[in-house]
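Here are the chains, one letter per residue:
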Amino acid sequence: MNMKDDPQLRRDPVTGRWVLIAPQRAQRPINLPGHAPTHRTNGERHPCPFCPGQEADTPNEVYAVRDTGTAPDGPGWHLRIVPNMYPAVRPDVDAPAPATADLFVTAPAFGTAEVLIDCAQHYDDPTQLSDKQFADVFRAYRARMTALAADPRLAHVSVFKNVGAEAGASLGHLHSQMIATPVVPELLRTELSCAAEHFGRTGRCVFCALVRDELADGARVVARSERFVIVTAFAPRFAYEMWLLPVAHEPRYEALTDYGADELAALLKRVLVALDRVQNAPAYNWFLHTSPLRTGELPHYHWHLEVLPRTARPAGLEWGFGCHITTVAPEQAAAELRDALPKS
Ligand SMILES: [Zn+2]
Ligand SMILES: [Zn+2]
Ligand SMILES: [Zn+2]
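Since this is a predicted model, take the numbers as computed values, not measurements.

Caption draft 1: Quick look at the environment of glycine 69. Within the secondary structure layout, glycine 69 lies in the loop between strand S3 (63–66) and strand S4 (77–83). Judged by its relative accessible area of 85%, glycine 69 falls in the exposed class. Measuring from C-alpha to C-alpha, the distance between glycine 69 and histidine 289 comes to 36 Å, with 220 residues separating the pair along the chain.

Caption draft 2: Representation of the environment of valine 163 in the model. As for its position among the elements, valine 163 is in strand S6 (residues 156–163). A sequence separation of 147 residues divides valine 163 from arginine 310, and the C-alpha atoms of the two residues are 9.9 Å apart. For valine 163, the residues in contact, after removing those within four places along its chain, are Arg40, Asp124, Pro126, Ala283 and Tyr284.

Caption draft 3: Fine view of the packing of aromatic side chains. Taken as a whole and assessed by the stated rule, the structure comprises seven aromatic pairs. A ring pair is formed by phenylalanine 207 and tyrosine 301, whose centres lie 5.4 Å apart and whose planes are at 85°; its orientation type is edge-to-face. Taken together, the residues phenylalanine 207 in helix H3 (residues 206–217) and tyrosine 301 in the loop between strand S11 (284–289) and strand S12 (304–309) connect sequence positions 94 residues apart. There is no split in this pair, since phenylalanine 207 and tyrosine 301 are both buried. On the basis of an interplanar angle of 55° and a centroid distance of 6.1 Å, the ring pair of phenylalanine 228 and tryptophan 303 is categorised as tilted. Residue phenylalanine 228 is found in strand S9 (residues 228–232), and its partner tryptophan 303 is found in the loop between S11 and S12; the two are separated by 75 residues along the sequence. Neither residue differs from the other here; phenylalanine 228 and tryptophan 303 are each classed as buried. By way of ring pairs, the aromatic residues Phe134, Phe138, Tyr141 and Trp286 are connected into one cluster.

Caption draft 4: Spotlight on the coordination of the zinc ion (ligand 3). Protein-derived ligands of the zinc ion (ligand 3) are Glu191 (OE), His289 (ND1), His304 (NE2) and Glu306 (OE), with the metal-ligand distances lying across 1.9 to 2.0 Å. The motif formed by the donor residues of the zinc ion (ligand 3), counted along the single chain, is E-x97-H-x14-H-x1-E. Of this pair, histidine 289 sits in strand S11 while histidine 304 sits in strand S12, placing them 15 residues apart in sequence. On the basis of relative accessibility, which here comes to 7%, the residue histidine 289 falls in the buried class. Judged by its relative accessible area of 0%, histidine 304 falls in the buried class.

Caption draft 5: Representation of the coordination of the zinc ion (ligand 2). All of the protein donors around the zinc ion (ligand 2) are Cys205 (SG), Cys208 (SG), His249 (ND1) and His302 (ND1); their distances to the metal are 2.1 to 2.3 Å. Classification of the site at the zinc ion (ligand 2) as tetrahedral follows from its four donor atoms and the range of 104 to 114° in their angles at the metal. Taken in chain order, the donor set of the zinc ion (ligand 2) reads C-x2-C-x40-H-x52-H. With respect to class, cysteine 205 is no different from cysteine 208; both count as buried.

Caption draft 6: Seen up close, the sheet that holds strand S8 (residues 221–224). Here 10 strands make up an open sheet; going across it, the order is S3-S4-S5-S7-S6-S11-S12-S10-S9-S8 and the pairing antiparallel. The open sheet has two edge strands with one neighbour each: S3 and S8. Strand-to-strand twist across the sheet, computed as the mean angle between neighbouring axes with direction ignored, equals 15°. Note: S4 against strand S5 (residues 112–117), four bridges, orientation antiparallel. The residue bridging isoleucine 81 from the neighbouring strand is leucine 116, located in S5. Its contacts with the sheet place H3 against S8, S9, strand S10 (242–246) and S12, and it is angled at close to 110° to S10.

Caption draft 7: The arrangement of the layout of surface pockets in detail. By volume, the second largest pocket is sized at about 390 Å³. What lines the second largest pocket is a set of 17 residues, among which Pro185, Leu187, Arg237, Phe287 and His289 lie closest to the centre. Of all elements in the fold, only S6, helix H2 (186–202) and S11 reach the threshold of two or more residues within the lining of the second largest pocket. Split by residue class, the lining of the second largest pocket holds nine nonpolar, five polar and three charged.

Each value, and the rule that gives it
- Residues numbered from 1 in each chain as written.
- Chains lettered and ligands numbered in written order.
- Predicted model: local features only at pLDDT ≥ 70, side-chain atom pairs only at ≥ 80, totals over all residues.
- Heavy atoms only, no water.
- Helix = DSSP H or I, 4+ residues; strand = E, 2+ residues; numbered from the N terminus.
- Buried < 20%, exposed > 50% of the residue type's maximum accessible area, 1.4 Å probe, protein only.
- Contact = heavy atoms within 4.5 Å.
- Phe/Tyr/Trp six-rings, centres within 6.5 Å; stacked < 30°, edge-to-face > 60°.
- Donors = N, O, S within 2.8 Å, 3.2 Å for Na, K, Ca; no water.
- Tetrahedral: all angles 85-135°; square planar, octahedral: opposite > 155°, others 65-115°.
- Pairing = 2+ DSSP bridges.
- Axes fitted to C-alpha atoms, helices over the stretch in contact; angles between N-to-C directions.
- 1 Å grid on protein atoms, 1.4 Å probe; cavity = no way out; pocket = protein on both sides within 12 Å on 5 of 7 lines; lining within 4 Å.
- Points joined across faces, edges and corners; volume = space filled by probe spheres on them.
- Nonpolar A, V, L, I, M, F, W, Y, C, P; charged D, E, K, R; others polar.

Right under this line is the structure:
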């Protein structure tokens, strides 16, 4: 075995999470069917409740990009946000009471769960969106987060997209989800506290430091534009895990400008085309990590978008111990993705 293939333990620079990079595991004999990542599939339903003409199948829209003169909840839209028909959290229950010392604490599942329907066309792949449609999705995230921030009971909005049934999508028609809750979810809390600790120790934002070092080194840089960079994660959970970050310090996603959304969308779309080429259109999730609502301009936290392709199936080590093994080193993944980028 050459040195390049020796397994490595790597510590995530933000959270301190440890992962294993084990390229030689890719050569192990695999006999079970369904193990290898395959081309993503859809959990399709007919008629599609997200297609134009089916507006009666969804709750009333809370936001839309529509042709002028068209009425809400009818055709003429290009993007819609509607409450989720099957919400995990609900706005019509009491907000949770303050924490107690009890061992077993329950609270009503207060919050809002919304579905953002990306486009009127029955597309199932984000790279089918035009650059304008793609940018409108990122503008709509911003608009709804800004609106939800007005409710003082809500602390955080989890924004994510599932692409492919294997990544949790139950309908093929492209959509994102926005779940606002009175609590800040665990992974965000970990990032925030680790970033605050780094700032206390060094006086610097860990994400700013990461961007600086990644741009200087270049090995994990997949693509960059004036304001954004996409890198493969230094300590990935899945092979080809990518992070999109603003190059400058930006704590709040809501501060994204319209031209920033255009630039972000064009950059991310090119990289997703490359991912589809390199990994045969894998299922993936993307999720937005940003400051909790109304926390102002944090000096230590920096919003970013993580793209997590389902390039392997988590097993006992991952579920039981939180230690991820990937078979493709992030430097190799970045080189493959750069080679597969469409011409800009
Ligand atoms: Zn549809
Ligand atoms: Zn920063
Ligand atoms: Zn993150």
